[in-house]
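Architecture at a glance
What follows is the residue order along each chain.
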Protein chains: 2
Amino acid sequence: MTYCVGIEVDEGLVFAADTRTNASLDDVRVHRKLHVFEYPGQAAYVLMAAGNLATTQLLVSRLGRDADEGRAPNLRDITHLFEAAEYVGQLLVDSQVHSNHSEHGHDGVNTQATLIFGGQIAGERPGLYMIYPLGNAIAASPETPYLQIGESKYGKPILDRILSPATHLEDAARTAIVSLDSTIRSNLSVGLPIDLALLRDGELRIGQQLRLGADSALYADIHQNWSRRLEQAVDALPRFPWETLDR
Amino acid sequence: MTYCVGIEVDEGLVFAADTRTNASLDDVRVHRKLHVFEYPGQAAYVLMAAGNLATTQLLVSRLGRDADEGRAPNLRDITHLFEAAEYVGQLLVDSQVHSNHSEHGHDGVNTQATLIFGGQIAGERPGLYMIYPLGNAIAASPETPYLQIGESKYGKPILDRILSPATHLEDAARTAIVSLDSTIRSNLSVGLPIDLALLRDGELRIGQQLRLGADSALYADIHQNWSRRLEQAVDALPRFPWETLDR
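Sequence order as written defines the numbering, with residues in each chain counted from 1. The order in which chains are written sets their letters, starting at A; the order in which ligands are written sets their numbers, starting at 1. A pLDDT threshold of at least 70 governs which residues receive local features in this predicted model, and a stricter bar of 80 or more applies before side-chain atom pairs are shown or counted, although totals over entire chains, interfaces and linings include all residues. Based on all heavy atoms of the structure, the side-chain values leave hydrogens and waters out of the count.

In the nomenclature of an unreviewed UniProt entry, chain A corresponds to 20S proteasome subunit A/B from the organism Stenotrophomonas maltophilia.

Structure follows, in structure tokens:
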């Protein structure tokens, strides 16, 4: 399993991903699921992946090589973000097929992956897409300014309650960390460290990129203090009719 | 689907359940899933059910009749809560079989149900159990002082962060409402009104019982204000290293 969340607010984009991969409960490793593609002055993208690791590593390698070698299309030269999402979707479908070399079909192994892909191309607004194993894509919207892949349920309520297009970029990033932290607590297959990337509108580069482990002071602070803040929030809720006012 | 949560704290027990049942997306109704059994001075119980409605209604009817007619065992006369949970489990297994009158097996319809059952018998501590379709049961524990059935994921993080055996009974009830509210927001098959019941240690009766609908001032207050309280909680989280202190 995996949990990744991408957020689109007016100020830019936030990407957050866990790093745990597991083949079964007794084969657990740390692998990066958040990948940055930067072409200074032209475009900046972040790709996050849930699903087959061989497929997504193949995809990431191809995306980089296409741009390095100037093949058409490629992430450096595409001029519209939706076309970039379509290109990534096509390459995803191709990678799903090619990551299985068996002549006899899939042999029970699922090589599919689901992606969150977002970024900004010079002259355009930032944008955020979810790309399905079929290669098709949906965009985040002002009503639901976030997209999730993997174990999405535990971390969804906090996103619903906090996020709107007007949310500050750093507040959106803190909300993403809380959402990840809630999920890590409840699903063994989602684990630390957390990769975090922020793309501020107009900067055309990933302005901030962090890896937050259990030893990170910031993460420890959020992890330890969030419960106390929630207790205060519960404490501030209205009393039942039968409770005395001075309790 | 359904979402019910039972909480055991030092002060007593809290039970909260939604009321939506659906056969499919276009066959949605309101049915009570929280059932009270009170025998003043002797014992008080609450039963909540997720799963086949015919099964649980049959079970509830039988539990009441056994006590009314003084059959052995019955909820009025059992002297240990764990024996009551075993008795309910046996009756559940029986009801699952009897709610299908077909001679040809289950015909693809699942008559299973899962229960949360808790209460207090005179002379004992209150207790809380989850009863599985097999009829076996597990108890809540001080480390995890709550049990959930149905759509449990959306509403779990708030329970994990707030609840401990020392939590006040009414605070636990407010937490349960927030947990229900988060779930109702995310899963169409979980819906208002919410049934809520509180059993205070030693009272041997359900001291408080409420139905909270969209028109309830208390629910509306919690629903509308919780997001604002969470925003304040996010706002109080530590800043990233690159943020100016005076933002």
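**Observations concerning the overall build of chain A**
Where we set the bar: Helix and strand labels come from DSSP, where a helix needs a run of H or I of at least four residues and a strand needs a run of E of at least two; each type is numbered from the N terminus. Per-residue accessibility, obtained with a 1.4 Å probe over protein chains only, is compared with the maximum for each type, and a residue is labelled buried under 20%, exposed over 50%, and partly exposed between these values. By the convention used here, residues are in contact when the closest approach between their heavy atoms is within 4.5 Å. Residue exposure ignores everything except the shown protein chains as possible cover, and the areas themselves are Shrake-Rupley values with a 1.4 Å probe.
Tallying secondary structure elements over chain A gives 5 helices and 12 strands in all. By its C-alpha atoms, chain A is 70 × 45 × 35 Å across when sized along the principal axes. For chain A, with 247 residues in total, the buried portion stands at 56%. Taking the intrachain contacts of chain A between residues at least 6 apart in sequence as the baseline, contacts between residues at least 24 apart amount to 63%. Element-wise, carbon and sulfur atoms account for 51% of the exposed surface of chain A, whose accessible area totals about 10,600 Å².

**A closer look at the packing of helix α4 (residues 169–186) of chain B against helix α5 (residues 217–235) of chain B**
Residue and element names in this part refer to chain B. As a reminder, the rule being used: Interaxial angle, 0 to 180 degrees, is taken between N-to-C directions of lines fitted to C-alpha atoms, where a helix line uses only the stretch in contact. Angle categories are assigned with fixed cut-offs, so that under 35 degrees is roughly parallel, over 145 is roughly antiparallel, 65 to 115 is roughly perpendicular, and the rest are oblique. Gly is put with the polar residues, along with every residue not named as nonpolar or charged; the nonpolar set is Ala, Val, Leu, Ile, Met, Phe, Trp, Tyr, Cys and Pro, and the charged set is Asp, Glu, Lys and Arg.
Interhelical geometry of α4 versus α5 gives an angle of 75° and a closest axis separation of 10 Å. As far as their axial angle goes, α5 and α4 are roughly perpendicular. Across from Ile 177, Val 178, Asp 181, Ile 184 and Arg 185 in α4, the residues of α5 making contact are Tyr 219, Ile 222, His 223, Trp 226 and Ser 227. Considering only residue class, the contact of α4 with α5 consists of 6 nonpolar, 2 polar and 2 charged.

**A few points about the relation of the copies chain B and chain A**
Applied cut-off: Copy-to-copy superposition: least squares on the C-alpha atoms, limited to residues that have pLDDT of at least 70 in both copies.
Each copy of the sequence occupies a distinct position, and chain B is placed on chain A by a rotation of 180° and an axial shift of 0.0 Å, giving an RMSD of 0.0 Å. Within this description, the copies of the chain are treated as partners about a two-fold rotation axis. For chain B, the smallest separation between a C-alpha atom and the rotation axis is recorded for Tyr154(B), amounting to 2.5 Å.

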